[in-house]
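Geometric and topological summary
One letter stands for each residue in the lines below.
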Amino acid sequence: MDFEPNDTQRLVQQTARAYAQQHILPEAAAIDREERFPRAQLLGLAELGMMAVNVSPELGGAGAGAVAYALAMMEVAKACASTAVTMAVTNMVGEVIAKFGTPAQTERYCPKLADGTFFAGAFALSEPEAGSDPGAMRTTARKVDGGWTIDGQKQWITSGAQAGVYVTWARTGGPGTSGISCFLVPGGAPGLSVGKHEDKMGLRGSNTASLVYDGVRVDDDALLGELEGGFKIAMMALDGGRIGISAQAIGIATAALEESIAYAKDRRQFGHPIADFQAIQWMIADSKAELEAARLLCLRAATMKERGVPFSKEASMSKVYSTEAANRICNRAVQIHGGYGYTREFAAERHLRDVRVTTIYEGTSQVQRLVIARSALR
Ligand code: COS
């Protein structure tokens, strides 16, 4: 058992850290305040290979593996969670196309996701009535001569207004999970329009929108993987995506904890830095231990993914623990900052708003527990 990153992983981590601290962190508060989609930062990340960390170099990716990806995600999320979620979903989209796509599909989309030609990729699974239960989706793809016509609506789609490709799930057969197929819909496809832009509590620099598919026509070669094999593709992609969100939560919580420690050493009350008080020390100690446990779970799940062994349960354990711990850590950070923590003068309030969704998207904590319990009770 080796807890140290190898040379490639360390290089990716250090590259992500240097770029995030120099070029993303200084803009993070403004990205949040102005709800600014971080185009320049995403382009910079693409130039460094961070938009396709675990995609092979032949397809334009960095080919650095799942652990390197998790380490990079932690660094970017520590600087700006809005930038990180766009990076997370784009990496997930690149990976799913690389894994299930035909040579023509991978060559068409992966290099553009990797090099920033597309600012982002979108994962269009959820619908207004199908969130935790994607098997209930209503979007349909109807077979027509030479292709398919997609009709329906998707909701809460990260980068919905910005993506160059939309991995889209639609029903091609009967009810339930077995009648679902997956399609690659290019950005700007006729009939695809962006609906409501969500006014979110956090991650305000990321774009979250609903999508309307009104007779979107795609060719036969838009089908990703097997006909009616779409649900399993979604589940496998989400297994990897959950490691990414776990890493994102860890990154946000790392920032919150480091800032709490710096503040506690600086802020004086009752004639002492508040770091002298056990009440503060215990909060810092709990956050430190929980953060370390979260990192270990996350990197273990990523290691298993990289080794090619089943990792669904480990990804769910990592996500549920990391995201709930990160929420506690960010909440404590606001508490340690006291009245200042409740204002925009410090980043603690942004971290708390940004981290909140991590127990919800890419599978709620409740869904993660369901996956873990099913595995434990099998
Ligand atoms: N990898 C591969 N295959 C998987 C899988 C996984 N991780 N999870 C499930 N499957 C397969 C099952 O083996 C089953 O295959 P068969 O029909 O051949 O037996 C099929 O998929 C259906 O699985 P299951 O019966 O478990 O589906 P459920 O409808 O019970 O759903 C949960 C299971 C709840 C785990 C799933 O719907 C889920 O993850 N929901 C959350 C969705 C989500 O994360 N949404 C956020 C979207 S992105 S913001």
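Summarised in this report is the structure supplied together with it. Each residue is numbered by its place in its chain's sequence as written, counting from 1. Local features in this predicted model are restricted to residues whose pLDDT is 70 or higher, and side-chain atom pairs enter the listing and the counts only when it is 80 or higher, whereas totals over whole chains, interfaces and linings include all residues. As a rule here, side-chain values come from all non-hydrogen atoms in the structure, and water together with hydrogens is ignored.

**Section: the overall build of the protein**
Strands here mean DSSP runs of E at least two residues long; helices mean DSSP runs of H or I at least four residues long; both are numbered from the N terminus. Of regular secondary structure, the protein possesses 10 helices and 10 strands. As defined in this context, the radius of gyration uses C-alpha atoms, and a globule is described by 2.2 Å times the residue total to the power 0.38. On C-alpha atoms alone, the protein measures out to a radius of gyration of 21 Å, which is about the 21 Å that the 2.2 N^0.38 rule sets for 378 residues. The dimensions of the protein, computed from C-alpha atoms along their principal axes, are 80 × 45 × 35 Å. Burial statistics for the protein: of 378 residues in total, 56% are counted as buried. Approximately 16,300 Å² of the protein is accessible, and the part contributed by carbon and sulfur atoms is 54%. Working definition: with a 1.4 Å probe on protein chains only, accessible area under 20% of the residue-type maximum means buried, over 50% means exposed, and in between means partly exposed. Exposure was quantified through the Shrake-Rupley algorithm and a 1.4 Å probe, taking into account, for residues, occlusion by the shown protein chains and nothing else.

**Here we look at the site of the ligand**
The nearness test applies per residue and asks whether one of its heavy atoms lies within 4 Å of the molecule or strand. Of all residues adjacent to the ligand, which total 18 residues, the nearest are Ser132, Lys232, Asp239, Arg242 and Arg374. We define a polar contact as two N or O atoms separated by no more than 3.5 Å, with the added condition that, inside protein, one atom must be a possible hydrogen donor and the other a possible acceptor, whereas residues neighbouring each other in sequence contribute only through side-chain atom pairs. At 2.9 Å from a nitrogen atom of the ligand is found a side-chain nitrogen or oxygen belonging to Asp239. Measuring from an oxygen atom of the ligand, one finds a side-chain N or O atom of Arg242 at 2.8 Å. Here the ligand loses 67% of its free accessible area of 1,000 Å² to cover by the protein chains.

**Some words on the side chain of Ser82**
Along the chain, Ser82 turns up in helix H4 (residues 81–100). On the basis of relative accessibility, which here comes to 3%, the residue Ser82 falls in the buried class. Contacts are assigned to residue pairs that have any heavy atoms within 4.5 Å of one another. Discounting chain neighbours no more than four positions away, the residues touching Ser82 are Ile31, Leu203, Arg204, Gly205 and Ser206.

**Some thoughts on the pattern of salt bridges**
By definition, a salt bridge exists where a carboxyl oxygen of Asp or Glu is found within 4 Å of a side-chain nitrogen of Lys or Arg. For the coordinates displayed, the defined rule picks out 19 salt bridges. Where Asp199 meets Arg204, a salt bridge forms, and the shortest distance between an N and an O atom there is 3.0 Å. Arg204 sits in the buried class, given a relative accessible area of 19%. Three or more residues are tied together by salt bridges with common partners; here these are Asp32, Arg344, Glu349 and Arg353.

**Side note on the environment of Ser246**
If you trace the backbone, Ser246 turns up in helix H6 (residues 230–266). Sequence-wise, Ser246 and Ala326 are 80 residues apart; in three dimensions their C-alpha atoms are separated by 9.1 Å.

**Describing the packing of aromatic side chains**
Within a pair of aromatic rings, the relevant descriptors are the distance that separates the centres and the angle that separates the planes. Two aromatic rings from Phe, Tyr or Trp, using only the six-membered ring of Trp, form a pair when their centres are within 6.5 Å; if the ring planes differ by under 30 degrees the pair is stacked, by over 60 it is edge-to-face, and anything between is tilted. According to the stated counting rule, one finds seven aromatic pairs in the structure shown. Taken together, a centroid distance of 6.5 Å and an interplanar angle of 45 degrees make the contact between Tyr109 and Phe118 tilted. For Tyr109, a relative accessible area of 4% translates into the label buried. Taking the relative accessible area as the measure of exposure, Phe118 reaches 15% and is therefore buried. Between Phe270 and Phe277, the ring centres sit 6.2 Å apart and the planes meet at 85 degrees, which makes this aromatic pair edge-to-face. Assessed through its relative accessible area of 27%, Phe277 is described here as partly exposed. Each member of the aromatic cluster is reached from another via a ring pair, and the members are Tyr263, Tyr340 and Phe346. One cation-aromatic arrangement involves Arg39 over Phe119; the distance from NZ or CZ to the ring centre is 4.4 Å. The ring of Trp148 carries Lys143 above its face, with NZ or CZ at 5.3 Å from the centroid. In this analysis the charged atom, NZ for Lys or CZ for Arg, is taken to sit over a ring once it is within 6 Å of the ring centre and within 35 degrees of the ring normal.

**Re helix H9 (residues 348–356)**
Where burial is concerned, most of H9 is hidden: seven out of the nine residues are buried. Among the residues of H9, those classed as buried are Ala348, Glu349, Arg350, His351, Arg353, Asp354 and Val355. On its buried side, H9 packs onto helix H1 (7–33), helix H3 (66–79), H4, H6 and helix H8 (312–341).

**Quick look at the environment of Asp32**
Within the element layout of this structure, Asp32 appears in helix H1. Judged by relative accessible area, Asp32 falls into the buried class, the value being 6%. When the C-alpha atoms of Asp32 and Ile97 are compared, they prove to be 30 Å apart, with 65 residues separating the residues in sequence. Of note is the side chain of Asp32, whose polar atom sits 2.8 Å from the side chain of Arg353.

**Remarks on the layout of surface pockets**
Cavity means a closed set of points on a 1 Å grid over the protein atoms alone, one where a 1.4 Å probe fits but cannot get out, pocket means an open set with protein on both sides within 12 Å along at least 5 of 7 lines, and lining means a residue has an atom within 4 Å of a point. Grid points are joined across faces, edges and corners, and a volume is the space filled by probe spheres set on the points. Its boundaries defined by the atoms lining it, the largest pocket holds a volume of some 1,200 Å³. Forming the walls of the largest pocket are 44 residues, and the residues nearest its centre are Ile360, Tyr361, Glu362, Gly363 and Thr364. Mapped onto the lining of the largest pocket, the elements with two or more residues apiece are H4, strand S3 (147–158), H6, H8, H9 and helix H10 (365–377). The residue classification treats Ala, Val, Leu, Ile, Met, Phe, Trp, Tyr, Cys and Pro as nonpolar and Asp, Glu, Lys and Arg as charged. All others, Gly included, are polar. Of the residues in the lining of the largest pocket, the class split is 19 nonpolar, 13 polar and 12 charged. The calculated volume of the second largest pocket comes to roughly 700 Å³. As for the second largest pocket, its lining consists of 20 residues, of which Asp2, Phe3, Glu4, Leu299 and Thr303 are closest to the centre.

**Describing unusual backbone geometry**
Positive phi, normally seen in glycine, also occurs at Glu35, with a value near 50 degrees. The topology assignment puts Glu35 in the loop between H1 and helix H2 (39–47). You will see that Glu228, though not glycine, has its phi angle at about 65 degrees, which is positive. Note on placement: Glu228 falls in the loop between strand S8 (223–224) and H6.

**With respect to the nonpolar core**
The nonpolar core is taken to be a set of buried Ala, Val, Leu, Ile, Met, Phe, Trp, Tyr and Cys residues, with the residues joined through side-chain atoms within 4.5 Å. Residues Leu45, Met87, Ile97, Phe123, Val167 and Trp169 are the most contacted members of the largest nonpolar core, which totals 96 residues. The element that contributes the greatest number of residues to this core is H6, accounting for 16 residues. Excluding anything up to four places from it in sequence, Ile97 contacts Gln105, Thr106, Tyr109, Cys110, Leu113, Val165, Val167, Leu184 and Leu224. Counting residues in hydrophobic clusters, the runner-up holds 19 residues, among them Ala141, Trp148, Ala163 and Ala222.

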